[in-house]
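# Coordinate analysis (summary)
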Amino acid sequence: QEVWDKGSSGINAEYGNDLNNLPPQLAIMDNLASLSVEGNPLRTIRREIIAKGTNAIKDYLRLKLAPASIEESGPTIPDIKPDEIMMQTKTLELDRKQNVPGEVWDQALVCAIVRLSMQHCGLTVIPESVFNLRATLQELELGANNLHQLPPEIGKLVKLRKLNLLNNNLKELPAECSQLVGLEDVNLGHNKFDAIPECLYSIPAICNLIISNNQIRAVEPAKLITMTSLVCLDLENNNIGRLPPELSLIPNLRTLLVMGNTFKIPRADVLAKGSAEVITWLKNKVPQP
């Protein structure tokens with residue numbers, strides 16, 4: 001009988017078998033929660049990874065899948081011993097680092113990291129090695145750099161849930177950002193946006209959007225209302241001349257931060273009472289049909 005069954009939730013192929021490789025397709029068997037392969041003469045996967053258990057094995061195999069098996073999977077994983085701490089934390093911290101050795105990026109692939117932080121690095125472009133992590137990367141911290149634009153390749157990071165671009169020099173986002181359909185947290189504060197980027201309206205998962213300290217002149221409530229997951233919207237310290245009452249109709253909005261703009265109504269005493277009071281005030285001003 002075939003050892004690998006697509007519907008299996010557990011596979012025990014320990015001892016008594018003669019496996020010398022594991023098919024990468026095991027990585028996309030969503031029901032597979034237990035994979036035991038100890039005692040086989042495996043040549044394509046290191047013992048250290050096998051010892052880590054099922055999730056580590058699947059992470060390793062996922063990076064060996066051809067693009068036809070998993071859309072835009074990462075490059076072939078290097079055959080090196082995983083860094084113990086990185087494998088455990090799934091995080092790579094490179095803040096304030098100017099030059100990153102290739103060996104570090106290799107470890108990030110081997111360990112299938114989910115979080116990468118490159119803040120205060122003086123970046124003017126995003127290193128190509130970042131996009132090689134697209135099969136697993138969920139959180140990308142690029143705050144306090146000197147980015148003037150993002151490349152279209154940003155759309156390949158389809159696993160992203162958090163994107164921090166605080167304190168750069170961005171004026172717009174590429175249309176490819178709309179492919180980041182799992183993105184939940186977006187921080188665009190302290191940049192040079194004069195409008196909320198159009199691509200964000202088509203990302204259904206966004207729940208926290210920070211775009212404070214920019215040059216936003218107006219907001220479009222009709223588009224924001226379509227962002228049904230949006231819970232927090234931070235528009236502080238922009239150039240918004242009018243606060244549309246229809247912002248109160250964003251279905252799940254709980255936090256609305258708007259101080260430091262040029263509008264006169266509602267007055268500062270209303271804003272000082274907090275988001276709930278501001279949202280209620282706006283709701284009372286919505287024209288009735």
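Residues numbered from 1 in each chain as written. Predicted model: local features only at pLDDT ≥ 70, side-chain atom pairs only at ≥ 80, totals over all residues. Heavy atoms only, no water.

## Digging into the sheet that holds strand S5 (residues 139-141)
Across the sheet, which stays open at both edges, the eight strands sit in the order S3-S4-S5-S6-S7-S8-S9-S10 with parallel pairing between neighbours. Strands with a single pairing partner mark the edges of an open sheet, and in this sheet they are strand S3 (91-93) and strand S10 (255-257). On average, each strand axis in the sheet is inclined to that of its neighbour by 5 degrees, with strand direction left out of account. (Pairing = 2+ DSSP bridges. Helix = DSSP H or I, 4+ residues; strand = E, 2+ residues; numbered from the N terminus. Axes fitted to C-alpha atoms, helices over the stretch in contact; angles between N-to-C directions.)

## Structural notes on the environment of valine 270
With respect to the element layout, valine 270 can be found in helix H7 (residues 268-271). Taking the relative accessible area as the measure of exposure, valine 270 reaches 12% and is therefore buried. On a C-alpha basis, the gap between valine 270 and tryptophan 281 in space is 8.1 Å, while along the polypeptide they are 11 residues apart. (Buried < 20%, exposed > 50% of the residue type's maximum accessible area, 1.4 Å probe, protein only.)

## Quick word on the nonpolar core
One finds Leu116, Leu140 and Leu224 to be the most contacted residues of the largest nonpolar core, which totals 63 residues. Taken together, the elements giving at least two residues each to this core come down to helix H3 (84-89), helix H4 (102-110), helix H5 (128-131), H7 and helix H8 (275-285). In this view, leucine 140 contacts Leu116, Val130, Ile154, Leu157, Leu160, Lys162, Leu163 and Asn164; residues no more than four positions away in its chain are not counted. (Core = buried A, V, L, I, M, F, W, Y, C linked by side-chain atoms within 4.5 Å. Contact = heavy atoms within 4.5 Å.)

## With respect to H4
Restricting attention to buried positions, one finds in H4 the residues Trp105, Gln107, Ala108, Leu109 and Val110. On its buried face, H4 sits against H3, S3, strand S4 (115-117) and H5.

## Examining the confidence of the model for the chain
Residue-level pLDDT values for the chain average 88, and 87% of them are 70 or greater. Considering only residues more than four positions removed or in separate chains, one finds that residues 1-7, a stretch of pLDDT under 50, has 11 contacts. Low pLDDT, under 50, characterises residues 66-73; the predicted model gives this stretch 13 contacts beyond four residues in sequence or across chains. (pLDDT = per-residue confidence, 0-100.)

## Considering the environment of lysine 223
Summarising the element assignment, lysine 223 is placed in helix H6 (residues 221-224). Residue classification places lysine 223 among the partly exposed positions, given a relative accessible area of 26%. Spatially, the C-alpha atoms of lysine 223 and tyrosine 201 are 6.5 Å apart, while their sequence positions differ by 22 residues. Not counting chain neighbours up to four residues away, the residues in contact with lysine 223 comprise Glu198 and Tyr201.

## Notes on unusual backbone geometry
With an omega dihedral of 5 degrees, the bond running from isoleucine 265 to proline 266 counts as a cis peptide bond. Structurally, the position occupied by proline 266 is in the loop between S10 and H7. The backbone of lysine 90 shows a phi angle near 60 degrees, a positive value even though the residue is not glycine. As for its position among the elements, lysine 90 is in the loop between H3 and S3. A relative accessible area of 17% places lysine 90 in the buried class.

## Section: the side chain of asparagine 191
Inspection of the secondary structure puts asparagine 191 in the loop between strand S7 (185-187) and strand S8 (208-210). In terms of polar contacts, asparagine 191 uses its side chain to reach the backbone amide nitrogen of asparagine 168, at 3.3 Å. One polar contact links the side chain of asparagine 191 to the main-chain amide nitrogen of leucine 170, over a distance of 3.0 Å. Beyond its immediate chain neighbours, meaning those up to four positions away, asparagine 191 contacts Leu165, Leu166, Asn167, Asn168, Asn169, Leu170, Asn213 and Asn214. (Polar contact = N/O pair within 3.5 Å; in protein donor to acceptor, adjacent residues only side chain to side chain.)

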